[in-house]
Amino acid sequence: MNVLRFSKLVFGSATVFFLIAPLIAILPLAFTDSVFLNYPIPGYSTRWFEELFTASVWQRSIVNSLIIGCGTTLLATVLGTVGALGLRDRQLSLVLTTVKTIFLLPMVVPAVVLGVGMQLMFARYGLTNTYLGVIIAHTVVAVPFVVVNVLAVLQGIDRRLEQAAASLGAAPVTVLKQVTLPLALPGIVSGAVFAFATSLDEVVLTLFVAGPNQRTLARQMFSTIRENISPAIAAAAFVFIVGTVLIAVVLNLSRRTMAAKI
Amino acid sequence: MSNPFIRLEEVSKSFGLLTVVEGLNLEIGKGEFISLLGPSGSGKTTILMMLAGFEHPTSGAIWAGGKRIDSLPPHRRNMGVVFQNYALFPHMTVSENVAFPLKMRGLPRAEVTERVGRALDMVQLGSLAERRPSQLSGGQQQRVALARALIFEPEVVLMDEPLGALDKQLREQMQLDIRDLHRRIELTIVFVTHDQSEALTMSDRIAIFNRGKIEQIGKPSEIYDHPSTQFVAEFIGETNLIHGSVQSIEGGTARVQLPGGQEVFVETTTNLCPNGSVCLSIRPERIKVGRREVASNKITAAISDVVYHGDHLRLVARSDGQALVIKTDRSQPTLSIGEEVQLSFLPSDCWVVRP
Amino acid sequence: MSPIGLRKQLISLVLVGPLLLFLIFFFAFPLVTMMKSAVSDPVAARALPATARAVASWDRVSPPTDAIMAAFVTDIRQINDDQLFGDLVRRLNSAKSGFRTLMTKTRTTLSEGTGSIDLIAVDKRWGDPSYWQAVSVAASSTITDRNLLAAVDLQRDTSNAITALPADASANRAIMLRTFVMALTVTVACVLIGLPFAMIAASVDGWKRQLLLGAVLLPLWTSLLVRTAAWFILLQDTGLINSVLMQLGVTSGPVPLIFNRAGVIIAMTHVLLPFMVLPIFSVLIGIPKNLMPAAASLGAHPVRAFLNVLLPLTLRGVVSGSLLVFMSALGYYITPALIGGAKDQMISSVIAYYATGAANWGMAGALGLVLLAATMILYAIYLRLSSEREVRP
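Fair warning: this is a prediction, and the values are worked out from it, not measured in the lab. (Residues numbered from 1 in each chain as written. Chains lettered and ligands numbered in written order. Predicted model: local features only at pLDDT ≥ 70, side-chain atom pairs only at ≥ 80, totals over all residues.)

*Asks:* Outline the overall build of chain B, listing residues and values.
*Replies:* When its secondary structure is counted, chain B shows 8 helices and 20 strands. Its C-alpha atoms give chain B principal-axis dimensions of about 75 × 45 × 35 Å. Counting over 355 residues, chain B shows a buried share of 39%. For chain B, the proportion of contacts with a sequence separation of at least 24, taken over those separated by at least 6, is 65%. (Helix = DSSP H or I, 4+ residues; strand = E, 2+ residues; numbered from the N terminus. Buried ≥ 20, exposed ≤ 12 C-beta atoms within 10 Å, placed from the backbone. Contact = placed C-beta atoms within 7 Å.)

Next comes the structure, spelled out in structure tokens:
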């Protein structure tokens, strides 16, 4: 093996290691039975998982995350899908191009800046310390992902299918229902998954907008790391990582079966 | 045409600065099979799209069945459309695809099932009713598309190069099937194609398009035997174009001198001016080759190439700098390259074409 | 535009309408509120209306008139809202320290009586014109540039000229510089690791490419918090990295990797690396495979071919990725907050502190405005670059 191939191999492996190892290294720590997060692991137990799912502070935060996550997913998916439908032309007017840029801006603006503004404004309208406020805040940063995903799929739909439906007597709304949306479903689903993941992961905005009763899992993890680190963090990280891998695998498989059907 | 079924009146279509169709006037009779033939970019698909309602004319009007339809949305035009790539709904089964137009019209489910069954049987796809389009072959998808476009009994069917993706044998079979269908049902068919032999075999009339305008419209035989322009002559079938100057005109026959001095007689109804230059079109199969003359027009030429085509021979002969292609059957005695021969043809075999 | 085209535009606008309104209300509006708070300052004007009117004609050089003092007394007596008073005190105190005790004392004394009163007798600081100057400045404007100036460590002195803040109050510029340097370091690290990695990924195919891409995409999919938490655990003195290093005998004692700059850089590089790899990779696979062989056939030595053909083409992707990484790193909060020490806090932490810790919305807004402006400029450049790429064939 010549020098180039060897160095490619070494560098590539080292970087892969750098990228993946931290995620893998943390997994076994979820099963430690000590209060400390060190290697070598003295003994194994599932006590931290129990703590995660039974301690009231963690339980509440999990429930909150689920409530807020579902609310965000619903709101973001609906708004994002309808918005993407308006942007699907290949040649967009200046107005619509500007609108598209605005739709994607929440991904770019630093969360702290948005958080400050939201806290100020939400306070004025009584939205702080409410589930609705947190859901709205999460939706703002989740909706760009929905738009991107749905738009990508929409632009891949053959317009002639919609023309065919119209020629066969389907009114525009019927075309949407019978042809466009079913074919756009993979994009809508992956957008919804992204929205849920974004909400689950959201810490900064939650810091500013949520009250103690809307503490999400991510918010709770943040405080725990900061204040009194406990292996429950590792257990939560384990759940996150395994969940992510599962969802990625499921999405991949379902995309392949959906593509095979179509 | 008295009482045309479809009429396009001064229809133009531009996309931005690009004019695709210009000042088009076209009348189509009820039950007629008309082909819109032309190279890609000539505007024929755009015209079909305007008939279907997917594009709107920049100016002009479209009439169908006595009513003006250019502002009618596509889902109310009641025309069957067969698309180039079939446009079958991938997320529905074959029977759901075919049932779609009936569902849109609100027919009761029992009737829908019955009619779908009949339609699929008619195209011999009854056994594939529950399959998805992706599981069918190209030919099968084509038939489903056809069944879907006909099941709601439209009066007009628009076809946009529907046979383009099929292999030769299947294509020829489908051409016969569609022609047969047209004879059985009184259906007005507007058929877009770039394949001239397809247009010749299937149509009652052909409209030849070039850059957004109709160059010639007429029966297939008219277009083939009497092309009006150079473009039409070259687009339909093969032809030889020779240039010459008019020496004299007597009755319906003109005497044309070719560069190099040889003269031929042409039957023509066009107004030709003496000493004006003309372009003549002669079909390769009309030229007889021999060592002696056999008809009243003869050109001396030298064979420059002989190509074997299985059921016929193709000869290339040169005369005074012009090359002529001749199609002849194999009963011809073998000719060698460089041999001098007489090419003969009747005055009615050549035709004056506009540039 | 034809009526059909107009109708289509209208339908598109109706479809994008709901999301647009949502974002205008809950995205644009908060940002505007933040920007307004950076420059707004209505507290003193609201709390001291009579004083505001009285100082309008004061030149701020000669001693304050009795009218001014009387107006002030009236205003103070009329403040019933404790919150407003607290805000007022904070406002005045941030202009000149000492106001807190002064105002509390003054208010208590004034509330005991109702007649006119000599303020200087209440507290002799009221004889110091600088206090009155502060009150005057505060009361006479609803917008102020105080916060914006303070954001870059500047202030207006008593003659209203712009000068530097005293050294012990000037931390912002240092923090902004620090943020900039850290973001730059992370970007450079990402280029050094990400560019070769993307090139390797583009040069192999099949399962190897899937593996390399998967290694980049999996962290991207994983929650940011989880990744940061993983690094938090691993970088500890007793964490895995140090244990391994000590086991292997590389070091005798634990290397401090957490709560310092090194740890933050490592963690942020790990988190942001995918944003560098993916743009470069997508540019690379767009390059025709036969370009390098063509260069070789024309006589170019592999290194020269690389420098003259491949690298310039790759540059687009590198610049794109760098902008993306730099932009994100500037605004990062979670990772530096958890992994960094006190000296590693970036501008985002300062903003958060001002907002939730000190309730100084003015400063939070001002610093936020600076960060937002920097991010938007970078984003505009990034958009320009990526749209240029689409125009070229």
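So much for the structure itself; the text now carries on.
*Asks:* Could you give an account of the overall build of chain A, with specific residues and numbers?
*Replies:* Within chain A, the secondary structure is distributed over 11 helices and 0 strands. When the helices and strands of chain A are placed in sequence order, the string is α-α-α-α-α-α-α-α-α-α-α. Burial statistics for chain A: of 262 residues in total, 48% are counted as buried. For chain A, long-range pairs separated by at least 24 residues make up 75% of all intrachain contacts whose partners lie at least 6 apart in sequence.

*Asks:* Describe in detail the packing of helix α1 (residues 3–29) of chain A against helix α10 (residues 172–203) of chain C, supporting the description with residues and values.
*Replies:* Two elements in contact, α1 of chain A and α10 of chain C, have axes separated by 10 Å at closest approach and are oriented at 115°. The hand of the α1 of chain A/α10 of chain C crossing is left-handed. Taken together, the residues of α10 of chain C that come into contact with α1 of chain A (itself represented by Lys8, Phe11, Gly12 and Thr15 of chain A) are Ile193, Pro196, Phe197 and Ile200 of chain C. Its residues assigned to classes, the contact of α1 of chain A with α10 of chain C comprises 5 nonpolar, 2 polar and 1 charged. (Axes fitted to C-alpha atoms, helices over the stretch in contact; angles between N-to-C directions. Left-handed = near helix turned anticlockwise from the far one by under 90°. Nonpolar A, V, L, I, M, F, W, Y, C, P; charged D, E, K, R; others polar.)

*Asks:* Quick rundown of the nonpolar core? Include the residues and the values.
*Replies:* Ranked by internal contacts, the top residues of the largest apolar core, which has 253 residues, are Ala234 and Ala237 of chain A together with Ile351 of chain C. Broken down by element, the residue count for this core peaks at 15 residues, all from helix α14 (residues 261–284) of chain C. Once you skip the residues sitting within four places of it in the chain, Ala234 of chain A turns out to touch Ile26, Leu29, Ala30, Leu37 and Trp48 of chain A together with Ile233 of chain C. (Core = buried A, V, L, I, M, F, W, Y, C linked by C-beta atoms within 7 Å.)

*Asks:* Now, about the pairing of strand β10 (residues 213–218) of chain B: what can you tell me, with residues and values included?
*Replies:* Residue and element names in this part refer to chain B. In the sheet, strand β9 (residues 205–210) pairs with β10 via 5 bridges, with the strands oriented antiparallel. Considered in β10, the bridge of Ile208 is made with Gln216. Where β9 folds back onto β10 in an antiparallel hairpin, the turn is made up of 2 residues, including Arg211, whose phi is positive at roughly 50°. (Pairing = 2+ DSSP bridges.)

*Asks:* A description of the environment of Pro40 of chain A should follow, citing residues and the corresponding values.
*Replies:* Residues and elements named next belong to chain A. Tracing the sequence through the fold places Pro40 in the loop between α1 and α2 (47–54). Exposure remark for Pro40: the 9 C-beta atoms within 10 Å place this residue in the exposed category. Note: C-alpha distance between Pro40 and Arg219 (179 residues apart in sequence) is 29 Å.

*Asks:* A description of helix α11 (residues 207–221) of chain C should follow, citing residues and the corresponding values.
*Replies:* Helix length check: α11 of chain C (15 residues) gives 20 Å between terminal C-alpha atoms against 21 Å at 1.5 Å per residue, within 8%. All of the buried residues along α11 of chain C are Leu212, Ala215, Val216 and Pro219 of chain C. Buried residues belonging to α11 of chain C abut α1 of chain A together with α10, α12 (224–234) and α14 of chain C. (Expected span 1.5 Å × (residues − 1).)

*Asks:* Can you explain the domain arrangement of chain B? Please cite residues and give values.
*Replies:* Residue and element names in this part refer to chain B. Split into domains, chain B comes out as domain 1 (6–231) and domain 2 (238–353). Look at where the C-alpha atoms of domain 1 and domain 2 centre, and you get two points 39 Å apart. Between domain 1 and domain 2, the contact holds 5 residues from the first and 5 residues from the second. (Domains from an automatic or database assignment.)

*Asks:* Break down the confidence of the model for chain A for me, citing the residues and quoting the values.
*Replies:* In this model, chain A carries a mean pLDDT of 88, and residues with pLDDT of at least 70 account for 98%. Averaged pLDDT values for the elements of chain A fall to 79 in helix α11 (residues 232–261) of chain A and rise to 94 in helix α6 (residues 131–154) of chain A. (pLDDT = per-residue confidence, 0-100.)

*Asks:* I'd like a rundown of the interface of chain A and chain C, residues and numbers included.
*Replies:* A common measure of how large an interface is: the accessible area buried when the components associate. If you look at the interface, chain A gives 62 residues, while chain C gives 64 residues. Residue contributions to the side of chain A that touches chain C peak at 13 residues, all from α1 of chain A. Of the residues assigned to the side of chain A that touches chain C, the class counts are 49 nonpolar, 10 polar and 3 charged.

*Asks:* How would you sum up the sheet that holds strand β5 (residues 67–68) of chain B? Please name residues and give values.
*Replies:* Adjacent strands of a sheet form backbone hydrogen bonds with each other and so pair up, either parallel or antiparallel. Residues and elements named next belong to chain B. Read from one edge to the other, the open sheet built from 4 strands follows the order β2-β1-β4-β5, with strand pairing classed as antiparallel. Because the sheet does not close on itself, it has two edges, and the strands there are β2 (18–28) and β5. As paired strands, strand β4 (residues 59–64) and β5 are joined by 2 bridges and run antiparallel to one another. Within β5, the residue paired with Trp63 across the bridge is Arg68.

*Asks:* If you had to explain the pairing of β2 of chain B to someone new, which residues and values would you point to?
*Replies:* All names here are of chain B. By the bridge criterion, 7 bridges tie strand β1 (residues 6–15) to β2 in an arrangement that is antiparallel. Pairing of Ile6 across the sheet is with Ile28, part of β2. The antiparallel hairpin formed by β1 and β2 contains 2 residues in its connecting segment, where Gly16 sits at a positive phi of about 65°.

*Asks:* Requested: an account of the sheet that holds strand β17 (residues 313–319) of chain B, with residues and values cited.
*Replies:* All names here are of chain B. The strand order across the open sheet built from 5 strands is β15-β19-β16-β17-β18, with neighbouring strands paired in antiparallel fashion. Single-partner strands in this sheet number two, and they are β15 (288–290) and β18 (322–328). The mean inter-strand angle of the sheet, taken between neighbouring strand axes irrespective of direction, is 45°. Here β15 pairs with strand β19 (residues 340–345) via 3 bridges, running antiparallel. The residue of β19 that forms the bridge with Val289 is Leu343.

*Asks:* I'd like a description of unusual backbone geometry, backed by residues and values.
*Replies:* Residue and element names in this part refer to chain B. Unlike most non-glycine residues, Glu161 shows phi in positive territory, near 45°. For Glu161, the location among the structural elements is in the loop between β7 (156–160) and α5 (168–184). Glu161 sits in the buried class, given 20 other C-beta atoms within 10 Å. Not every positive phi belongs to a glycine, and Arg211 is a case in point at roughly 50°. Position of Arg211 among the secondary structure elements: in the loop between β9 and β10. A tally of 15 C-beta atoms within 10 Å means that Arg211 is categorised as partly exposed.

*Asks:* An account of the confidence of the model for chain B is requested, with residue identities and associated values reported.
*Replies:* Residues and elements named next belong to chain B. When pLDDT is averaged across chain B, the result is 87; 98% of the residues are at 70 or more. Confidence scores differ between elements of chain B, with β15 showing the lowest mean pLDDT of 79 and strand β3 (residues 33–37) the highest of 95. In the predicted assembly, ipTM is 0.88 and pTM is 0.79.

*Asks:* Which residues make up the environment of Arg316 of chain C, and what values go with them?
*Replies:* All names here are of chain C. Examined against the element boundaries, Arg316 turns out to sit in helix α16 (residues 302–330). The exposure class of Arg316 is partly exposed, given the 18 C-beta atoms found within 10 Å. Sequence separation between Arg316 and Pro279 is 37 residues; the distance between their C-alpha atoms is 8.8 Å.

*Asks:* Before we move on, could you go through the environment of Leu104 of chain A and cite the residues and values that matter?
*Replies:* Considering the arrangement of structural elements, one finds Leu104 of chain A in helix α4 (residues 94–104). Note on Leu104 of chain A: 15 C-beta atoms within 10 Å, which makes it partly exposed.

*Asks:* Describe the packing of α12 of chain C against α14 of chain C, listing the residues and the values that go with them.
*Replies:* Residue and element names in this part refer to chain C. Running from amino to carboxyl end, α12 crosses α14 at an angle of 145°, the nearest separation of the two axes being 10 Å. The way α12 lies across α14 gives a crossing that is right-handed. Across the interface between the two elements, Leu224, Arg227, Thr228 and Trp231 of α12 pack against Ile266, Ala267, His270 and Val271 of α14. Here the contact of α12 with α14 is built from residues that sort into 5 nonpolar, 2 polar and 1 charged.

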